[in-house]
Each structure stands twice: as C-alpha cells, then as structure tokens.
Amino acid sequence: MTDLIIHLFLVLLMPPLLLGVISRTKALFAGRSGAPLLQPYYDLARLFRKGMVLSDTTTWLFRSGPVVTLATVLVASLLIPLGNHAAPLSFDGDMILFAYLFALGRFATILAALDTGSSFEGMGAAREATYSCLAEPTLFFALIVLARLSGSLSLSGMLTQPLGAVWADSGASLLLLVGALFIILLAENCRIPFDDPNTHLELTMIHEVMVLDQSGPLLGCVLYGAALKLFVLSAFFIRIVLPFRTGDTLADWGLFVVSLLLLAIAIGTVESVMARFRLTRIPQLLIGAGILSSFATLLILR
Amino acid sequence: MFLAGEGLSPSAALVAAGILLTACSGLPGLVLARRDGTGQKIATLLMVAGSGLGLAGALNALLTGASARYVITGGFLVVGGEWGVDPLSAFFLIPLFLLAGCGALYGSGYFPEAKHPSAAPRLTFFFGLLAASVALVFTARDALLFLLAWEVMALASFFALTTEDHRKEVREAGLLFLVAAHMGTLVLFAHFSLLKAATSSFTFPGAGSLSGGTAPAAAIFLTALVGFGFKAGIMPLHIWLPSAHAAAPSHVSALMSGVIIKSGIYGIVRVTSFYHTPPAWWGMTLLTLGIISAVAGVLFAIGQHDLKRLLAYHSIENIGIIAMGIGVALIGRSSGSLPLELLGMGGALLHLLNHALFKGLLFLGAGSVIHAVGTREIDLMGGVAKRLPLTGLFFLTGAAAICGLPPLNGFVSEYLIYLGLFRGVAGIGTVVTSGLPLMALAIPALALVGGLALACFVKAYGVVFLGVHRQESVTQPHEAGLSMLLPMGILALLCVLIGLFPQGGIRLLEPAVAGWFPVSAGMATGVTLPAPVGWITVMGLLLIFFTLAIIPVALKKRPGGIAGAVTWDCGFLRPTPRMQYTASSFAATLVDLFGGMLRPRRHRPKISGPYPEPALFSSHVPEVVLELLYLPLLKRGNELLMPLRRLQHGQIPLYILYIFVTVIVLLLLAP
C-alpha cells in the first residue's frame, strides 16, 4: 500500500522536476545561474489558469490530441515499475500495451497537428511519424532481451529481476542495449541531438512544431504529458543501468529518485556538449540504435 | 439437391438457407423490366435476410462447437460432393455474412439503380453470387465442390469488380485479376490432385490425420502456399490486388479485402490442419513470407496517394500479419508447444476477423468520401471531416484500429501474436526447437509494421479529413445517406466492442482454434487461449476513464476564455489551402529511406530562365514487383511461346475439339 502511494505520488509530482534539473544543468554549463528548479511547476500552474486561442480551422480532434496523449502516458505510468518496486498493474504482455499506448498518444498528437492545416505542423507531424517508427524496433529488441533474461512477460517481472546478477552474466548484451536505449530515450523525448525543445525555429523542430497552435490548459497538458513520458521512459532506462537494491523499501525509493535525478543531469550534460544533428542524420542514428539492440538480442539467443 | 443423413443440423440449415438467399438475391433485379430500383430493394432485403440467417447459423455452430458433414448426391445438373459446417468454417463465415449484409445495404446507397440503370442490376446480381460462392468455398468438404465454388468466386469477383468497365484502368485491373486468379487455380488443381494421391479420395481428410514429414506432404504444402497465396495476396503473389481493389466499387472492395483474400488464408489453415506433424520449415516459411508481406505491404502503402490503392496495400500488410500468426502456430506444432499453437492460430484468426471489420469499414468510408468529393486522389482532398462528420468519425475508428492501437480490436489480435512470439523467444513454458532467430526478428518487424501503419494512416486521415479542402469541387461535398452510414456504424461499433471486451471475440475464436487441432489431441471439448485478455478490458476502460477525467480540467471555462484565430502562420502570410502539407510530402522521408525497394518515380520539370514557365512536379510509387519481375518474365515467355499461338485462332468449335481430345487422352492414360 505504501509502495502504491509512493508510486502515484512520484508519477504525478516528480516529472516536471526532471525538466527543471535538465535546464539547470544546461544553465550551469553555459555559465548562467538559470531558472529555479521548480520553474516547470510554475509554468504548468500558469498555463492551467490561462484562456486559450483556437485556430478556426480546427475541430474536436485538435482539442482531444493533448487530452488523449496525457491519458495514454498516465495509463503507461501505472505499468512501469519504479526502481526495485513492481508496478501497480502488471500482467502477461503488458509491455506490448505499454509500447502501443505511446503509439496511441503519438497518433492523437499527430492528428491534432494536422488538424490545423498548417504546413509547419504538417512538417513536424511527418518527422515525428517517420522517426518514431524507426525507433520502435529498438524498444522491442530490448523487451526481447529482458523477457528472455528474466523469463517473464511483464514489465514488472523484467525490471525487478536481480539485474545485478544479469549484468555479471550477460553484461555485453546489456551494455549494447544501454547504448541503444539511451539514443531512443533522447529521440523519443525530443532532446538534443534529435530535437531541440527550446528553439522556436519551426523548420528545424519535430515535437515543438507539432504543438505550435496549442495554448493555455491544452498546452499545459502537452508539457505535462511530455514530462511524464520522460519520467516513465527514464524509469525504464535507469533500472537497467543502475540495478542496485538495498533490501530496505524506503532506501530503494530514495535510490530510485536519486538515480533518476542523475539521469536528468546526464541528459542535461549531453544537451550542453552536443549540437543538434542535421535532420538527415537522425534516421541513420535511429537505425544504428536498432542494429545495436539486434546484436544485444543475438548475444542472448546463442 | 439431396442431402443424405438424418436432416440438417440447425446451424447447417441456417447457413444453407443463407447461401441460397444470397445466391438468388440478384435474380429478380435481372428479370424485372422496370429499372426503378425495385430489383435492388428486393436484392438488398434478400441479402440482409440471407446474411442474418447465415450469421445465426455460424454463431450457433461456434457456440455449440458442433460440426456436421453431409453428402450431396449428384444428379441432373447437380454436382455431388461433401458439404458441412464446422467451427473453423463457421468462424470464416462470420466476416463474410457481416460484410455481405453491410455491403449490400451500402451498395443500395452507393450505386443506386436509379443512377446506373444498366450496371446496377448486374453488380447486385454478382455481389450476391460472390457472397454465396465464398460461403460455399468455406463449407465445401471435397475438392470438386471446393474448386467449383472457387471458380464461381473468381468469375463473380471479376464481373463485380469490372462494373465500371467503360474505364480503361478498370478493364486492365479486371484482366490482371482474372489471369492471377487462374494461375492460382491451376496450382490448386495440382494441389488437390496430390492430396487425392495421398488420401485416395477427393474428400477432405480430418484434422491431424496425415503425417507431415513426407515428400508428397511437402509438395501439397507448397502447392497450397502458392495456389492459396495468389488469392490471399502474399508477397510476391499480390500483383493483382492493388489495382483490383482500387478499381472495384467500394462495397465490392470491402468484400474482396475483408473476405475474398481470406479464402486464401482459409485454404492454408484448412490444409495445415490435416497434418499432425508439420516439419519446422513450414512454419518458418510462412513466418518469413508474413514478415515480408507485412513490411513491404505497409511500405508500398505509404507511397500511395490514391486512397483505395493505399487501403489495398494495407490488405497485403494485414495478410502478412495473419501469415505470421499461422507461422507461429505451425512452429509451435512442430516443436510440440501448445501455447504457441494456441496464441499463433488464435491471433491469426482473430486478426482475420478484425481486419474484415476495420478494412471493410475503411473501404466503405473511402467510398463515401470518393462519392462526396468525386476523386480518389488524396492530395486533392482535405477538410472532409467538416462536411462528412460521421464518415470522418467512422473512418478514424477504422484507422486507429488498423494501426493496432488500444482500446480497439486491432490491438487485441496483434497482442495475441506478440504474446506467442515473446513466449517462444523467451522460452516461457515452451521450448522452440528451430526458428528462434526468425521469431526474434518477427517481434521488431511487427513493431516496425505498427509504426509504419501509424505513419500511413495519420497521413491518409490527416490529408483527407483534416485541414482545409485543397480544391474547390464541382459539387458541394455532402454526408452519406443512412443506408451508407448504418453499415459503417455497425462495423465501427464492432471494432470498439471487440477492442474493449475481447472476451466475446475470444469465445467465438476458441472453438475455431480447437478445430485446427488433430481430433486425437483431445481438443474437441474446447481450448482456452493462454492470454490475460481481461486485463485488456481493464486497461481500455482505465484509458477511457483518464481521458474523460482530463477533459473537464483541460477544457473548463476560464477567465481568459476561448478565442478564435487563424492557424499560427509564424507572422507571415495568412495560410492558404495550397500551403498545407500534402500526402506526398508527408511520406517523402520514408519513401526516400526505403527508395531502394519502392523505386519512386519522380517527374521533375526543367526550370530555366529568369521567368520560368508554370511547371508540374509529380511522383508516384509503382507496383514494383509487377513491373520489374512479372512483366519482363511474361514478355520473355510470350516471345518463346509465340509458335504455339497458332493453336489460338479464335474458332470456338475447334477449341471444343481440343477439350474433347484432351479428355480422350486423359481417359486413355488413366489407370
């Protein structure tokens, strides 16, 4: 019961903090003091109090885009185990639902973008659709590896197995997987070097340009949904990288929070030291990640 | 017609009545002199009634799990043979009768007799005959009756799809269909001859009664794969499919894509059920062909900008997914793993039903759109959802379902196939002896297919239904009538129901899956799929609950209020419809990325001088397999066989003589 409450508490409240940590890291790298760590919370609170401007071209689909996307990420957050603790809901094959929930969110976001009839948003939508289907195989290769190593068909079973021992046994495979998944983590969450969440140069962006016409509470849903997606996928990734456990429940929760913050700092560091790739390079990197993860699968099938 | 035995069982009687009613539905329209739509009304009524009876019979057979076989004694003008309804047949009859009834109703609004006085009675007649012949294919229990029904199905499809034969492309599509159909039938003649040699009877053997390890079994499997593969549209035997689906009237396309190509799958499922020990390469072959069809099908679909051609390529994709499921089941059977057999076959059969529902829905929706805007070209449409809100909603349901998104039906069947693959690869409760790397490859391939399908359908839906209309059409686009909306509504509702409450679909599925198992395996009492589908209901309802809970938060009245404005134009010009992203530009990156396979053709105008002339740029993705593989081969064959053309002189009496001589020679050769 305590675990459930902590799970819900973290899922609902922690995501914007990750964005705050990333931007603070970037600010420190740039020699600025940066915005307060809690700035994303203030932004969300402000957006949810505001009115909206809706394009005359749009229909109900435009408004349902952010709502459905946020709902899918919320459902997905109930399937992901946090740290060493099993998820509130888990069943055989929940990882398939997990992946397809994100696909549903993408479907809703892209249609909302196309509903505006804007060429900029069409461009972003096309890029999102293209790159995300190249990222999809990597996630499933990773799921194969985890399923085979754990003998389990649910995310909770895969990620709460004693991964420390697995590292000792199949370290090479997991190492390849970590590389591939980090690329996917950055790409799926629209971070540099794939996408820049801060520029407002529409021609170069992917995700930001899709939501150009969203405003007020709907934009709040978009931002919160994006933060939650980063949180959920980070929880998936960090569990493979830092599979430590102490034996004490509360200490394990603390460990999880700290490791997630470390990941946010790492993402901020990557964003600070790298430039955004040219768009034509992005498919190559995503296919590269797919090949890395296919090698990880081959290694454990022997 | 005389049926031996002690009378028909209730389900067999209902199915037989359904077949007779649908077969005769178009007859009154052919003989009625007045073309005021009476014939079509009678036909629609007969079709709906016949479909209802057939559906009731099929459901009854599935719920009771009973199977029955009857011998039709031959006589004057009646071909003898064995006929029967078992759960496997009954499961295939469900999509057939659903789409036949819905299609007939739709057709009365889409292709009314009042508007097409000469073509409509013909179409109505062949539509009914087509539905009846497919039902006969699914229920025939011996080779002769099966081939007879198969041939009627091919001819009825040909006449139904060439309804608008004043257009050249329709005639060409019809010819291509007829050639491909007969190539398949030719291979099936060989197939059934081999089967007769193996069992010394034309009657279909019982499930699991043959051994799969022998050389004749391999030949039987391969001829079935090619013969039925032509009909199913498995790559690279799919060449007839895109143009035929595009050329046919929309409700015929729906029936073709939803059911007729499934008759090929039915053949493969039925033939593989005969064998209790298939060798491992059977399953691996089907899994490989499935992966190729699924990935290539969806890639070609992305390159299309004709709405119905796009949907047709998605049929190839979904046939691929179904073939993957059957492949998993066969691998399971040859490694003795029950969960793989159940999940693979269950997923394949459920996907077959689901595909009939959502693809039927999508073709009917596409028909409404084409009916309203007067073109099939996606790049000329736009903003259609504002004019046709209900059609837009139904098409959206179908689009989300075909991408396998929860909480719709496409997700459930893909989930079953994924679960089978994951169980095999992870070695959970099952040991796969061969084909492990292939199964490991199938999982990301299926994920890639899902992603690409999503890209394709957001493109199609976004460009057709959203944004602003790109071209002023001659007539004001209008919402379809009730007779067209009702069938779409039924299909959309079923997509949602199976997606949210898959238990119902699975309940119908399990007897059919059990029918695929050898009788000796003790599956007659029924099987239970090892999948926690109850969770799908929970998660689907949870998703809906969250969505409904967020709506008031996101859209509640606030002091700022809601203001209207033009779409954000980055401070430049007011956006015009011509500035919208087109389907071609949406797909450009993916088409380029897979350009080696798709071979896109681009016609670039030369632009020169300081004041260039107005120029047109166009690009399209051709049917590569047909143009680069079949046509050169056929051309070469034609040159080689030119001397034989002298036999083909167009004198019918001499043709009859050929047949007579052939029969005499065969009789002399027969032992």
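Read on for a plain summary of the structure. Think of each chain on its own: its residues are numbered from 1, step by step along the sequence as written. Chains carry letters and ligands carry numbers; both start at the beginning, A for chains and 1 for ligands, and go up in the order they are written. Predicted model: local features are reported for residues with pLDDT of at least 70 only, side-chain atom pairs are reported and counted for 80 or more only, and whole-chain, interface and lining totals are derived from all residues. Side-chain numbers here rest on the full set of heavy atoms in the structure, without hydrogens or water.

Turning next to unusual backbone geometry. For residues other than glycine, phi is negative in most cases, and the peptide bonds are mostly trans. Here the bond from I192(A) into P193(A) is cis, since omega is 10°, no more than 30 degrees from zero. In this chain, P406(B) is followed by P407(B) through a cis amide linkage whose omega measures 0°. With respect to the secondary-structure elements, P407(B) resides in the loop between α15 (389–402) and α16 (409–426). Backbone geometry places S200(B), a non-glycine residue, at a positive phi of 50°. Under the scheme used here, helices are H or I runs from DSSP no shorter than 4 residues and strands are E runs no shorter than 2 residues, and both carry numbers assigned from the N terminus. Structurally, S200(B) can be placed in the loop between α7 (168–199) and α8 (215–232). Burial here depends on accessible area, computed with a 1.4 Å probe over protein chains only, as a share of the maximum for the residue type. Under 20% is buried, over 50% is exposed, and the range in between is partly exposed. Relative accessible area serves as the criterion here: at 62%, S200(B) is assigned to the exposed category. With a phi angle near 45°, R599(B) is a residue other than glycine that sits in the positive phi range. In this fold, R599(B) is placed in the loop between α22 (595–598) and β5 (601–603).

Salt bridge, as applied in this entry: a Lys or Arg side-chain nitrogen positioned within 4 Å of an Asp or Glu carboxyl oxygen. One pass over the structure, following the stated rule, counts 19 salt bridges over all chains. Here K26(A) makes a salt bridge to E271(A), at a shortest N to O gap of 2.7 Å. Here E271(A) lies in helix α11 (residues 249–273) and K26(A) lies in helix α2 (residues 15–29), a separation of 245 residues in the sequence. Close ionic contact of D306(B) with R376(B) constitutes a salt bridge, the shortest N to O distance being 2.9 Å. Placement of the pair is D306(B) in the loop between α11 (280–303) and α12 (307–334) and R376(B) in the loop between α13 (338–373) and α14 (384–387), with a sequence separation of 70 residues. We note that D306(B), like R376(B), is buried. Connected via shared salt-bridge partners are E164(B), R167(B), E169(B), D306(B) and R376(B).

Quick look at helix α21 (residues 583–593) of chain B now. When α21(B) is considered as a whole, its buried residues turn out to be A583(B), F586(B), A587(B), L590(B) and V591(B). Projected down its long axis, α21(B) shows its buried positions confined to an angular sector of 120°, all on one face. In this fold, the buried residues of α21(B) make contact with α5 (94–114) and α6 (119–150) of chain A together with α11, α17 (436–465), α22 and β5 of chain B. This arc is taken over the directions from the axis of the helix to the C-beta atoms. The contact definition used throughout considers only heavy atoms, calling two residues in contact when any of these lie within 4.5 Å.

All names here are of chain B. Axes, fitted as lines to C-alpha atoms, cover a helix only where it is in contact. Angles between the N-to-C directions of the axes lie from 0 to 180 degrees. One can describe the packing of α12 onto α17 by two numbers: an axis separation of 12 Å at closest approach and a directional angle of 160°. Our classification of the angle between α12 and α17 gives roughly antiparallel. Like other packed secondary-structure pairs, α12 and α17 cross with a definite hand, here left-handed. Counted together, L307, L310, L311, H314, E317, I321, M324, V328 and I331 of α12 and M439, A442, L446, V449, A453, C456, F457, K459, A460 and V464 of α17 form the full contact between these two elements. Split into classes, the residues belonging to the contact of α12 with α17 amount to 16 nonpolar, one polar and two charged. Just so you know how the angles are binned, under 35 degrees is roughly parallel, over 145 roughly antiparallel, 65 to 115 roughly perpendicular, and the rest oblique. Note: crossing handedness is left-handed where the near helix turns anticlockwise from the far helix by less than a right angle, and right-handed where it turns clockwise. Classes in brief: Ala, Val, Leu, Ile, Met, Phe, Trp, Tyr, Cys and Pro nonpolar; Asp, Glu, Lys and Arg charged; the others, Gly included, polar.

Residue and element names in this part refer to chain A. Note on definitions: the grid is 1 Å and covers protein atoms alone; a cavity is a set of points where a 1.4 Å probe fits but cannot get out; a pocket is an open set with protein on both sides within 12 Å along at least five of seven lines; lining residues have an atom within 4 Å of a point. Grid points are joined across faces, edges and corners, and a volume is the space filled by probe spheres set on the points. As enumerated under the stated definition, the model contains nine cavities of 30 Å³ or more in all. Considering the residues around the largest cavity, the lining is formed by 13 residues, among which L139, I184, L185, E188 and L233 are closest to the centre. Only α5, α6, α8 (163–188) and α10 (216–241) provide two or more residues apiece to the lining of the largest cavity. Ranked by residue count, the leading element in the lining of the largest cavity is α8, at four residues. Partitioning the lining of the largest cavity into residue classes produces ten nonpolar, no polar and three charged. In this structure, the second largest cavity encloses a volume near 140 Å³. Taken together, 15 residues make up the lining of the second largest cavity; nearest its centre are E128, Y131, S132, A187 and E188. Elements represented by at least two residues in the lining of the second largest cavity include exactly α6, α8 and α12 (281–301). Broken down by element, the residue count for the lining of the second largest cavity peaks at five residues, all from α6. Taken together, the residues of the lining of the second largest cavity break down into eight nonpolar, one polar and six charged.

So, on to the side chain of S215(A). All names here are of chain A. Inspection of the secondary structure puts S215 in the loop between α9 (207–210) and α10. A distance of 2.9 Å separates the side chain of S215 from the backbone nitrogen of V53, its partner in a polar contact. When neighbours within four sequence positions are excluded, S215 is seen to be in contact with M52 and V53. Here a polar contact is taken to be a pair of N or O atoms separated by no more than 3.5 Å, where protein atoms must pair a possible hydrogen donor with a possible acceptor and residues adjacent in sequence count only if both atoms sit in side chains.

For any two helices packed against each other, the geometry is given by the interaxial angle and the distance between the axes. Residues and elements named next belong to chain B. Close contact between α12 and α16 brings their axes to 10 Å; oriented N to C, the two are set at 35°. Taken as a pair, α12 and α16 cross one another with a handedness that is left-handed. Of the residues in α16, those in contact with I321, G325 and V328 of α12 are E414, I417, G420 and L421. Taken together, the residues of the contact of α12 with α16 sort by class into four nonpolar, two polar and one charged.

Taken residue by residue, the interface counts 72 residues in chain B and 74 residues in chain A. Defined in terms of a 1.4 Å probe, buried area is the accessible area two parts forfeit on being brought together, summed over both. Overall, the association of chain B and chain A removes approximately 6300 Å² of surface from exposure, summing both partners, and the carbon and sulfur fraction of that is 80%. Connecting chain B to chain A are twelve residue pairs in polar contact (both at pLDDT 80 or more). When contributions to the side of chain B that touches chain A are tallied by element, the ones reaching two or more residues are α15, α16, α17, α20 (534–555), β4 (562–565) and α21 of chain B. Looking at the side of chain B that touches chain A residue by residue, the classes come out as 54 nonpolar, 13 polar and five charged. Sheet topology note: the strand β1 (residues 52–55) of chain A/β4(B) ladder contains four bridges and is parallel. What sits directly across from S55(A), in β4(B), is A565(B). Here, strands pair whenever DSSP counts at least two bridges between them.

All we've got here are geometric facts, nothing functional implied.
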